[in-house]
Amino acid sequence: MLDRQGDWKRTNYCGDLRAADIGREVTLMGWVHRRRDHGQIIFIDLRDRSGIAQVVFHGDQAKDAHAKAEELRGEYVAAVRGRVVRREKPNPQIPTGEVEVLAGELRLLNAAHAAPFAIEDEITASEETRLRFRYVDLRRPRLQRNLGLRHRLVFEMRRALDELGFYEIETPALARPTPEGARDYLVPSRVHHGHFYALPQSPQLFKQLLMISGLDRYFQIARCYRDEDLRADRQPEFTQLDLEMSFPRQDDIFEVIERVLERVWVATGLAVSRPFRRMEYRDAMERYGSDKPDLRFGMELRDVTPFFDPARETLRIHGSVRAVAAPGGAALSRKQVEELVEMAKSHGASGAYAVKMGPEGAASSLEKPLGAENLRAMTESLGAKAGDLILAVAAAAGGTAAKGPDPALPIAGHLRLGLAHRLKLVPQGRWEFTWLTGFPLFEWSETEKRWGSAQHPFTGIVEEDLEKLESAPWEVRSKGYDLVLNGVELGSGSIRIHRQDVQARLFRALGLSDEEARHRFGFFLDALTYGTPPHGGIALGLDRMVALLAGEKSIREVIAFPKTTAAQDLMADSPATVDTQQLDELGIRIKESG
């Protein structure tokens, strides 16, 4: 029979009890994690979000409590009153291991079905099962730690930004559809049939309008929505730290973010040094083959094209050749090297070539087409030593470096990462923040055969490149910047366009007619004519940041109620159908697929 909580009030969390509490009378409340029945003595591990406390029921000391304890099962909800005593056999594996609670009274507050999986850090249940029973999954210590970490991060961000003079301001969740490169989630209007709101992909325009409004420094822990294909680091709804400043230099924004992140890292018991490293986009691509380089290890790329010139026809090489040397890589088996070669080809390489360095020098099938002397000169240029492995790649024909980075670079960049992880060359527990700047304003779309915004169409333009906006868009540099941590893009930002004439020119350069630009962004173009200050900002992915600090590979492990990769909530069974009456009120009819 279940009891009422009545006037009982919890005095302590289970995981907070220590030797200093010995002799105290306490009231604990939580879930039965484990029950061990030894007849006249019953042991209960009682769990709440703070941890576990062992509770002891003696049949000869508290008969009623002992009798009721016999009814307890896993995940039952219970309240216990008793005295903290020293354990006869301490358990050094848990923080409360020196003490236990000698129970005097017990109230059984609720029963429970058998849990679909163990409430432990490591379980074998499938992700589908975990997400279907998410309310049980969230009881696991690992997820509770992750959500506690998330709370501390957000709390420190708010404290730091308040001290720096920022206002936290909410922007609308129902906005005008303005596609920014991903699909909007549309919300039909019941009052205005045939018209739709969009859930915001970001608060971009609204935060710029706040700067026009003279609010000077804004931030928001913003919920954003994008209807796009999902990956481990993507969700249809996600959270970002969003901020904007008036009259900033780029350095001012960098300093604010660095101070905020320093506070966050310190709050989690970690250290970070500032100022963060800075790197130009072109430099990052040339040296690491990526615009989000992992700088925890070396292995920089090298241009070895001249060494391959004698064998261009034989090897059917059309463009440049980039190579990377991996320390200790010669220990990889032939099969492992072949897997890396296939990986390079899957990323667009027309050819991938391996060179193993032995005590006598290079061993490779390249010796014949390149010539022994040429091969030796290449290995020396790479600084390769005995025991190292060199991998060189050439891109498939058809890539045009003039419309972007050399197509061999990102392929070599993937190889660099693959080699480093396979050889365990990536240091753990190291945090390498890097600001990337000097991005091109435009990127070429092969599918649409036109230039599009590399970031979003409100990104500022380097002043001396303005004259090239219409004549040579591929040479125009933006005032955008990215913050990268250990090879993961934490966020993007820019100094914005604050002049209406420049904004209108950019829209035209993107192929938008004046009429179309006004239809989509008329209210914003008008606002720019009412005294817009220079301004800029950034948005950092909160989910990614928490996942990195928690050591999780997927952001689903740091979000309370995430969606699957098919954008479904298995627990709440959404998205779901709606009845005809609701659709009629919205003026919507469902079209049959196919």
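A.B. asks: What should I look at first to understand the pairing of strand E21 (residues 488-495) in this one?
C.D. replies: Where a strand is regular, its side chains alternate between the two sheet faces. Examined bridge by bridge, strand E20 (residues 480-485) and E21 share 6 bridges and lie antiparallel to one another. Bridge assignment links Tyr481 to a residue of E21, and that residue is Gly493. Linking E20 back to E21 in an antiparallel pair, the connection comprises 2 residues, with Asn486 at a positive phi of about 50 degrees.

A.B. asks: Any chance you could explain the nonpolar core here in plain terms?
C.D. replies: It is characteristic of soluble globular proteins that their nonpolar side chains tend to be buried jointly. Counting 41 residues, the largest nonpolar core has Leu261, Trp265, Phe433, Leu483, Leu540 and Met545 as its most contacted members. Looking at which element gives the most residues to this core, the answer is helix H6 (residues 250-267), with 8 residues. Those residues in contact with Phe433 that sit more than four places away from it in its chain are Leu261, Trp265, Val272, Phe276, Arg277, Leu483, Val484, Leu485 and Leu490. Phe297, Val337, Ala349 and Leu389 belong to the second largest nonpolar core, which has 34 residues in total.

A.B. asks: Got a minute to help me understand the layout of surface pockets in this structure?
C.D. replies: Over the atoms rolls a probe the size of a water molecule, and in doing so it shows where empty space is left. For the second largest pocket, the calculated volume is near 640 Å³. Along the wall of the second largest pocket there are 21 residues; nearest its centre are Tyr185, Leu186, Leu199, Pro575 and Ala576. Listed by contribution, the elements that provide at least two residues to the lining of the second largest pocket are strand E7 (185-188) and helix H17 (580-586). No other element matches the 4 residues that E7 contributes to the lining of the second largest pocket.

A.B. asks: Explanation requested: empty space enclosed by the protein in the structure shown.
C.D. replies: Throughout the structure, instances matching the rule amount to 2 cavities of 30 Å³ or more. The volume enclosed by the second largest cavity comes to roughly 40 Å³.

A.B. asks: Looking at this structure, how should I read the packing of helix H7 (residues 281-288) against helix H13 (residues 408-422)?
C.D. replies: A packed helix pair is summarised by two numbers, namely the angle formed by the two axes and the spacing between the axes. Two numbers describe how H7 lies on H13: the axes approach to 8 Å, and their chain directions differ by 60 degrees. It follows from the interaxial angle that H7 and H13 lie oblique. When H7 is examined against H13, the residues Met285, Glu286 and Tyr288 are found in contact with a partner set consisting of Leu409, Pro410, Gly413 and Arg416. When its residues are assigned to classes, the contact of H7 with H13 shows 4 nonpolar, 1 polar and 2 charged.

A.B. asks: I'm lost on the sheet that holds strand E14 (residues 349-358) in this one. Help?
C.D. replies: Whenever strands of a sheet pair, they do so through backbone hydrogen bonds, lying parallel or antiparallel. In space, the 5 strands of this open sheet follow the order E12-E13-E16-E14-E15, with antiparallel pairing throughout. Each end of this open sheet is capped by a strand with a single partner; those strands are strand E12 (302-303) and strand E15 (361-363). Contacts from helix H10 (residues 334-346) reach E14 and strand E16 (389-395) within the one sheet, and its direction differs from that of E14 by about 150 degrees. Of the strands in this sheet, strand E13 (321-326), E14 and E16 touch H13, which is tilted by about 155 degrees from E16.

A.B. asks: In this structure, what is going on with the side chain of Gln54? I would like to understand it.
C.D. replies: Looking at where Gln54 falls in the secondary structure, it is placed in strand E3 (residues 51-58). In this structure the side chain of Gln54 is engaged in a polar contact, spanning 2.8 Å, whose partner is the side chain of Arg36. Each residue touching Gln54, except ones within four places of it in the same chain, is listed here: Arg36, Phe43, Ile44, Asp45, Arg87, Glu100 and Val101.

A.B. asks: I'm lost on unusual backbone geometry in this one. Help?
C.D. replies: Excluding glycine, residues mostly have negative phi values, and the peptide bonds linking residues are mostly trans. Residue Arg274 is joined to Pro275 through a cis peptide bond whose omega torsion reads 5 degrees. Even without being glycine, Phe247 reaches a positive phi, approximately 55 degrees. Residue placement: Phe247 occurs in the loop between strand E10 (237-246) and H6.

Conventions adopted
- Along each chain, numbering runs from 1 in the same order as the chain's sequence is written.
- Local features are withheld for residues below a pLDDT of 70 in this predicted model, meaning they are given only at 70 or higher, and side-chain atom pairs are given and counted only at 80 or more; totals for whole chains, interfaces and linings count all residues.
- Side-chain metrics in this entry use all non-hydrogen atoms of the structure; hydrogen atoms and water are not considered.
- DSSP bridges decide pairing: two strands pair if at least two such bridges lie between them.
- Helix numbering and strand numbering both begin at the N terminus, where a helix is a DSSP run of H or I of at least 4 residues and a strand a DSSP run of E of at least 2.
- Nonpolar cores were defined as sets of buried Ala, Val, Leu, Ile, Met, Phe, Trp, Tyr and Cys residues, with membership established by side-chain atoms within 4.5 Å.
- Each residue's exposure class comes from its accessible area (1.4 Å probe, protein chains only) as a fraction of the maximum for that residue type: buried when under 20%, exposed when over 50%, partly exposed otherwise.
- Any pair of residues with heavy atoms lying within 4.5 Å of one another is described as a contacting pair.
- Residues are called lining when one of their atoms sits within 4 Å of a cavity or pocket point, these points coming from a 1 Å grid over the protein atoms alone, where a cavity is a set in which a 1.4 Å probe fits but cannot get out and a pocket is an open set with protein on both sides within 12 Å along at least five of seven lines.
- Grid points are joined across faces, edges and corners, and a volume is the space filled by probe spheres set on the points.
- Only C-alpha atoms enter the line fits that serve as axes; for helices the fit covers just the stretch in contact. Angles between N-to-C directions range over 0 to 180 degrees.
- Put simply, angles under 35 degrees are roughly parallel, angles over 145 are roughly antiparallel, angles from 65 to 115 are roughly perpendicular, and the rest are oblique.
- Residues were grouped as follows: Ala, Val, Leu, Ile, Met, Phe, Trp, Tyr, Cys and Pro as nonpolar; Asp, Glu, Lys and Arg as charged; and all remaining residues, including Gly, as polar.
- As used in this structure description, the phrase polar contact means that two N or O atoms lie within 3.5 Å; if the pair is within protein, one of them must be able to donate a hydrogen and the other to accept it, and residues adjacent in sequence are counted only when both atoms belong to side chains.

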